[in-house]
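Each chain is listed here by its residues.
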Amino acid sequence: MAQPDYVPIAPGDRVREAERIPAPKAWKTDRPGEIVGLRVPEGDLFGSPGPDQGYGLLLAQQFADRLELEPGEHAEDAIAGCVPVAMKRSALYGRAPVVYDVEHAFILFGFLGGAPRDLLDTRKGLFEACADDYWARRQIVDIVPESTLRMRPAEVRAQLPGWRQLLNVEDDASEA
């Protein structure tokens, strides 16, 4: 309620004028990280942007007690390596990760069982200490082609015995 003019007011109680902020200047997309155009850039090390991808970490925790690990493997490494694969899969469809994306990644690398011995041997080298190594996680994501990511988890499980067709890995036998 307004105070009448004849009532005395202490100087500190008087209403002060608000600070006037000037209008912002013109803005241009000229910073190095700006996306210019209608499409997100693609290529090595650009990643796969998608909405709410961190939700994949929460979903992966639901699988922690079901993971089949070899001696010397750790659940943290399995989760750290498979979640980015699930994020890439969900980004292909333009959505946040769902449980089937995470399941797809764990099946693909044999963490939910049914993996042949040579996949387990290859997996051990790929996932070793990847929870602490960003570039190891990038390597895991980069060996999974888009055609594999577009498969259903059941299709991946059915093709797991011929896992080399699902991943872009070099054949150790051809190198010897």
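See the structure shown above.
Residues numbered from 1 in each chain as written. Predicted model: local features only at pLDDT ≥ 70, side-chain atom pairs only at ≥ 80, totals over all residues. Heavy atoms only, no water.

Undergrad: Please set out helix α4 (residues 117-127) residue by residue, giving values where relevant.
TA: For α4, the set of buried residues is Leu 119, Leu 120, Thr 122, Arg 123, Leu 126 and Phe 127. Projection of α4 onto a plane perpendicular to its axis shows the buried side chains occupying an angular sector of 165°, all on one side. Those residues of α4 hidden inside the fold are in contact with α2 (75-92), α3 (99-108) and α5 (134-142). A positive phi of about 60° marks Ala 129, the residue just after α4. (Buried < 20%, exposed > 50% of the residue type's maximum accessible area, 1.4 Å probe, protein only. Helix = DSSP H or I, 4+ residues; strand = E, 2+ residues; numbered from the N terminus. Arc of directions from axis to C-beta. Contact = heavy atoms within 4.5 Å.)

Undergrad: Run through the pattern of salt bridges, naming residues and quoting values.
TA: Under the defined criterion, the tally for this structure stands at seven salt bridges. Between Arg 117 and Glu 70 there is a salt bridge whose closest N-O contact spans 3.2 Å. Here the residue Arg 117 occupies a position in helix α4, and Glu 70 occupies one in the loop between α1 (55-61) and α2, the gap between them amounting to 47 residues. With relative accessibility at 47%, the residue Arg 117 sits in the partly exposed group. Residue class for Glu 70 comes out partly exposed when judged on its relative accessible area of 22%. Notably, a salt bridge pairs Arg 117 with Asp 121, separated by 3.5 Å at the nearest N-O pair. One end of the pair is Arg 117 and the other is Asp 121, both in helix α4 and four residues apart, which spans about a single turn. Asp 121 gets classed as partly exposed once you look at its relative accessible area, which sits at 48%. Connected through salt bridges with shared partners, the residues Glu 70, Arg 117 and Asp 121 form a single ionic network. (Salt bridge = Lys/Arg side-chain N within 4 Å of Asp/Glu carboxyl O.)

Undergrad: Kindly report on the state of the cysteines, identifying the contributing residues and their values.
TA: Throughout the structure, instances matching the rule amount to zero disulfides. In this structure Cys 82 is not part of a disulfide, and its nearest cysteine sulfur, from Cys 130, lies 8.0 Å away. (Disulfide = S-S within 2.5 Å.)

Undergrad: I'd like to hear about the packing of aromatic side chains, residue by residue, with values.
TA: The full count for this structure, using the stated rule, is five aromatic pairs. Look at Phe 63 and Phe 106: their rings are 5.4 Å apart centre to centre, the planes differ by 50°, and that puts the pair in the tilted class. Of the two residues, Phe 63 is situated in the loop between α1 and α2 and Phe 106 in helix α3; the sequence distance between them amounts to 43 residues. Take Phe 63 and Phe 106: they sit in the same class, and that class is buried. Centre to centre, the rings of Phe 111 and Phe 127 are 5.0 Å apart; their planes meet at 80°, and the pair counts as edge-to-face. (Phe/Tyr/Trp six-rings, centres within 6.5 Å; stacked < 30°, edge-to-face > 60°.)

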